[in-house]
Number of protein chains: 2
Amino acid sequence: MARTQGSHSGITGPKIREAALRLFAQQGYAAVSMRQIAKEVGVQAGALYNYTPDKQSLLFNLMETHMVELQAAWDAVPRADSALERLRAFTGFHIRFHLERPDAVFIAYMELRNLTEENFTVIESLRRDYENGVEGILKEGVEQEVFRIPDTKIATLAVIAMLNGVNTWYRSEGRLSLDEVETVYWGMVQKAVSA
Amino acid sequence: MARTQGSHSGITGPKIREAALRLFAQQGYAAVSMRQIAKEVGVQAGALYNYTPDKQSLLFNLMETHMVELQAAWDAVPRADSALERLRAFTGFHIRFHLERPDAVFIAYMELRNLTEENFTVIESLRRDYENGVEGILKEGVEQEVFRIPDTKIATLAVIAMLNGVNTWYRSEGRLSLDEVETVYWGMVQKAVSA
DNA sequence: CTTTTATCTGAACGTATGTTCAGTTACGGT
DNA sequence: ACCGTAACTGAACATACGTTCAGATAAAAG
């Protein structure tokens, strides 16, 4: 047999990416085999190669898509009037965006070492772009003397690291609502950079 | 040939742990083979099994040692008088301890998913102990109204996440000295939890 | 010097890996 | 109704994996 009933090209591609995303996040890129992904999709391993040239491209594709979507989503957030308001908007955005995609976030941070050198360069560049956006807000706030931080680069990384931490513990059935989490974190971020 | 010249048991064991630590951190547990570790030590793969029952134990041993040492080192830091001073001491301690062992830190945070269920439980418990120590400081500060934070558990995780971020960017040849880094982070931590 | 023992080699075990490809099937277009 | 082709199978490829073990060797013990 070949080409099982009801199989359409438009459905297998996404299914592969979804399965790879979940499995890579759960077990790690190196620990997941192409056969494992194929099984999850309901297909033989060879069929995957109609959708990706190799395993590495599959990983890179997932990470690049995530980073591009992240940047696009942030660009789509209306630009607030003050640096303080922009930082608040960023805090909320970052938390929510990351909590909606725990697997992609996990992969984007943990599987960098499994990327080819060229692929790594691309992803790193996308990450730097995103970080620079945040640093821009901080710099502006420092100039206007609404923020006081000795080093905007470090502060940027510190804020992002702090916010990323949410993904390690937040559970939607948990004690706090998303709004509460956002409020708590905004309180800390705001104070941490305040003048 | 067997038992090459000058080989002593006291030297191969540590060499294996060092090689495994470095390789696991660089490439990930699943991506590193026993033969690769053996090559780094200058020995055949089979010889590793005189020092570890299997690959999993090697990983677990590294992680457990790291967590135990972390706790012991923090316990050895003299207890400061006020909650504020204790938090400052913790900030400095945590940054320095982690920067001295980037590989072990990386593994302890990234390879949890490659642990057996029982092994995972042990490591998680050790981590919780460490976190609880920090939360104790925050709780005390809140009671004495020197800190104001809506949720000490979240604040604990946020502070630790922020501090852990140092390891992703700090280079000893870089722009800032260790003391400067410590000062900058302490400034942010202090403000973030301040009343 | 002789014996014991810790340490390591080298080969082998069964299994799994990423990837390729000739062949097969079911769908889309005519 | 027929064909062309996109989509998939199933087997095969070379290579690598974790682990075991009989045998070899150098150091330690007597």
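Residues numbered from 1 in each chain as written. Chains lettered and ligands numbered in written order. Predicted model: local features only at pLDDT ≥ 70, side-chain atom pairs only at ≥ 80, totals over all residues. Heavy atoms only, no water.

Comments concerning the overall build of chain A
Using the following cut-off: Per the convention used, a helix needs a DSSP run of H or I reaching at least four residues, while a strand needs a run of E reaching at least two, with both numbered from the N terminus. By definition in these notes, contact holds between two residues if any of their heavy atoms fall within 4.5 Å. Where accessible areas are quoted, they stem from the Shrake-Rupley method and a 1.4 Å probe; at the residue level, only the protein chains shown are allowed to cover. Neither His nor the chain ends is counted toward charge; the positive residues are Lys and Arg and the negative residues Asp and Glu. Here the site of a charge means atom NZ of a Lys, CZ of an Arg, CG of an Asp or CD of a Glu.
The secondary structure content of chain A amounts to 9 helices and 0 strands. In sequence order, chain A lays out its α and β elements as α-α-α-α-α-α-α-α-α. Expressed along its principal axes, the backbone C-alpha trace of chain A runs to roughly 70 × 40 × 30 Å. Long-range contacts, defined as pairs at least 24 residues apart, comprise 68% of the intrachain contacts of chain A with a sequence gap of at least 6. Split by element, the accessible area of chain A, about 10000 Å² in all, is 51% carbon and sulfur. Charge-centre separation for chain A: the mean point of 21 positive side chains lies 6 Å from the mean point of 25 negative side chains.

Let's talk about the nonpolar core
Threshold: Residues grouped as a nonpolar core are buried Ala, Val, Leu, Ile, Met, Phe, Trp, Tyr and Cys residues, joined through side-chain atoms within 4.5 Å. Only protein chains enter the area calculation, which uses a 1.4 Å probe; residues under 20% of their type maximum are buried, those over 50% are exposed, and those in between are partly exposed.
Core analysis: the biggest nonpolar cluster contains 116 residues, and A:Ile37, A:Tyr185, B:Ile37 and B:Tyr185 have the highest contact counts within it. Apart from the residues within four sequence positions on either side, A:Ile37 is in contact with A:Ile16, A:Ala19, A:Ala20, A:Leu23, A:Phe24, A:Val32, A:Leu48 and A:Leu58.

Some points on the interface of chain B and chain A
Formally: Using a 1.4 Å probe, buried area is obtained as the accessible area two parts lose upon being combined, added over both of them. The term salt bridge refers to a side-chain nitrogen of Lys or Arg lying within 4 Å of a carboxyl oxygen of Asp or Glu. Here a polar contact is taken to be a pair of N or O atoms separated by no more than 3.5 Å, where protein atoms must pair a possible hydrogen donor with a possible acceptor and residues adjacent in sequence count only if both atoms sit in side chains. Note on residue categories: nonpolar means Ala, Val, Leu, Ile, Met, Phe, Trp, Tyr, Cys or Pro, charged means Asp, Glu, Lys or Arg, and polar means any other residue, Gly included.
With 33 residues of chain B at the contact, the number on the chain A side is 33 residues. Taken over both partners, the interface formed by chain B and chain A buries close to 2600 Å², and the fraction arising from carbon and sulfur atoms is 66%. There are 4 salt bridges connecting chain B and chain A. For the interface between chain B and chain A, the tally reads 14 residue pairs in polar contact (both at pLDDT 80 or more). Within the residue set of the side of chain B that touches chain A, elements represented by two or more residues are α1 (9-27), α5 (102-110), α7 (152-164) and α9 (178-193) of chain B. With 7 residues, α7(B) is the largest single contributor of residues to the side of chain B that touches chain A. For the side of chain B that touches chain A, the residue count by class is 20 nonpolar, 6 polar and 7 charged.

What to know about unusual backbone geometry
Unlike most non-glycine residues, A:Glu145 shows phi in positive territory, near 60°. Since its relative accessible area comes to 65%, A:Glu145 is described here as exposed.

Focus on the domain arrangement of chain A
All names here are of chain A. Put simply, the rule reads: Note that domain bounds follow an automatic or database assignment of domains.
Along its sequence, chain A is organised into domain 1 (1-52) and domain 2 (54-193). Averaged C-alpha coordinates put domain 1 and domain 2 at centres separated by 29 Å. Between domain 1 and domain 2, the residue contacts involve 15 residues of the former and 14 residues of the latter. Summing both sides of the interface, domain 1 and domain 2 together bury roughly 1400 Å²; the carbon and sulfur share of this comes to 71%. Connecting domain 1 to domain 2 are 0 salt bridges. Taken together, the connections running from domain 1 to domain 2 amount to 6 residue pairs in polar contact (both at pLDDT 80 or more). Only α1 (9-27) and α2 (34-41) provide two or more residues apiece to the side of domain 1 that touches domain 2. With 7 residues, α1 is the largest single contributor of residues to the side of domain 1 that touches domain 2. Split by residue class, the side of domain 1 that touches domain 2 holds 11 nonpolar, 2 polar and 2 charged.

Observations regarding the pattern of salt bridges
Scanning all chains against the criterion turns up 24 salt bridges over all chains. The salt bridge partner of A:Arg22 is A:Glu40, with a shortest N-O separation of 3.0 Å. You can see A:Arg22 sitting in helix α1 and its partner A:Glu40 sitting in helix α2, a full 18 residues away along the chain. B:Arg96 is the salt-bridge partner of B:Asp179, the closest N and O atoms lying 2.6 Å from each other. Separated by 83 residues along the polypeptide, B:Asp179 in helix α9 and B:Arg96 in helix α4 (residues 83-100) bring together distant segments of the chain. Through salt bridges with shared partners, a single network forms among A:Glu69, A:Glu100 and A:Arg101.

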